[in-house]
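Residue-level structure breakdown
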Amino acid sequence: MASIFSKIAAGEIPSYKVAADDKHYAFLDINPVAPGHVLVIPRKETDYIFDIDDKEYQEYTLFAKRVAQALKEAMPCKRIGVAVMGLEVPHAHIHLIPMNSESDMNFKSKVTLPAEEMEAIAAAIAKKFDELNKA
Ligand code: AMP
């Protein structure tokens, strides 16, 4: 059975999409630790990130890098924090989190944002991603 993230990437479950290509998809975490918390996934389903083959892993992390660059421009911050856990959803995902201090990476402290704000944040990141990755 397809994972919830496969269904999100296929558009079968709604998400706040920020970027995509034929092999990858990026969207806002529904339960963010900071505004602009993004998840980046490969469309191909692999539970554990370090089981992904080398070439696909390279492409995946390069895509995540491009998303992080757009995220930093859309949500000005000191750094984009990166985390991989995967304890909840068995489909590889990289967390990208706009950070100004260590406490912005505290996964035990979540922020709740109204849907309109999630939509506006996703649109701002998507716009930057498109600008930075114009052919
Ligand atoms: P983990 O597997 O421990 O890295 O955590 C899974 C992450 O996925 C959590 O931060 C959740 O808030 C997030 N998440 C779970 N379901 C959804 C969903 N439908 N849309 C967006 N994010 C989700």
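The structure contained in this document is the topic of the report that follows. Given the structure is predicted, the values throughout are model-derived calculations rather than measurements. (Residues numbered from 1 in each chain as written. Predicted model: local features only at pLDDT ≥ 70, side-chain atom pairs only at ≥ 80, totals over all residues. Heavy atoms only, no water.)

**Details of the packing of aromatic side chains**
Tallied over the entire structure, the rule returns five aromatic pairs. Between phenylalanine 5 and phenylalanine 27, the ring centres sit 5.3 Å apart and the planes meet at 75 degrees, which makes this aromatic pair edge-to-face. Of this pair, phenylalanine 5 sits in helix H1 (residues 4-9) while phenylalanine 27 sits in strand E2 (residues 24-28), placing them 22 residues apart in sequence. Across the pair, exposure class does not vary: phenylalanine 5 and phenylalanine 27 are buried alike. Between phenylalanine 50 and tyrosine 57 the ring centres are 6.1 Å apart and the planes differ by 45 degrees, which places this aromatic pair in the tilted class. Cluster of aromatic residues (ring-pair linked, three or more members): Phe5, Tyr25 and Phe27. (Phe/Tyr/Trp six-rings, centres within 6.5 Å; stacked < 30°, edge-to-face > 60°. Helix = DSSP H or I, 4+ residues; strand = E, 2+ residues; numbered from the N terminus. Buried < 20%, exposed > 50% of the residue type's maximum accessible area, 1.4 Å probe, protein only.)

**Concerning the site of the ligand**
Close to the ligand lie 16 residues, the nearest being Asp29, Gly86, Glu88, His93 and His95. Separating an oxygen atom of the ligand from a backbone N or O atom of leucine 87 is a distance of 3.3 Å. One of the backbone N or O atoms of valine 89 is found 3.0 Å from an oxygen atom in the ligand. Look at the ligand: alone it shows 510 Å² of surface, and the protein chains cover 88% of it. Of all elements in the fold, only H1 and E2 reach the threshold of two or more residues within the shell around the ligand. Top contributing element to the shell around the ligand by residue count: H1, with three residues. For the shell around the ligand, the per-class residue count stands at 10 nonpolar, four polar and two charged. (Near = heavy atom within 4 Å. Polar contact = N/O pair within 3.5 Å; in protein donor to acceptor, adjacent residues only side chain to side chain. Areas by Shrake-Rupley, 256 points an atom, 1.4 Å probe, with all protein chains shown as cover. Nonpolar A, V, L, I, M, F, W, Y, C, P; charged D, E, K, R; others polar.)

**Some words on the nonpolar core**
Core analysis: the largest hydrophobic core is formed by 29 residues, its most contacted members being Val18, Leu28, Val38, Val40, Val67, Leu96 and Ile125. Elements supplying a minimum of two residues to this core: strand E1 (17-20), E2, strand E3 (38-42), helix H2 (54-74), strand E5 (94-99) and helix H3 (115-132). Considering each element in turn, this core owes the most residues, eight residues, to H2. Isoleucine 125 has contacts with Val18, Leu28, Val38, Ala70, Leu71 and Ala74, leaving out every residue within four places of it along the chain. Judged by nonpolar contacts, the second largest core, of eight residues, contains Ile8, Phe27, Ile41 and Val89. (Core = buried A, V, L, I, M, F, W, Y, C linked by side-chain atoms within 4.5 Å. Contact = heavy atoms within 4.5 Å.)

**A closer look at the pattern of salt bridges**
If charged atoms from side chains of opposite charge come close, those side chains can pair. The tally for this structure, following the rule as stated, stands at six salt bridges. Between lysine 55 and glutamate 59 there is a salt bridge, with its nearest N and O atoms 3.0 Å apart. Taken together, the residues lysine 55 and glutamate 59, both in helix H2 and four residues apart, mark about one turn of the helix. Between lysine 128 and glutamate 131 there is a salt bridge; the shortest N-O distance is 3.6 Å. Note that lysine 128 and glutamate 131 are positioned in helix H3 at a spacing of three residues, about one turn of the helix. Classification of lysine 128 by relative accessible area gives partly exposed; the value is 23%. Accessibility expressed as a relative area gives 34% for glutamate 131, which makes it partly exposed. Connected through salt bridges with shared partners, the residues Glu73, Lys127, Lys128 and Glu131 form a single ionic network. (Salt bridge = Lys/Arg side-chain N within 4 Å of Asp/Glu carboxyl O.)

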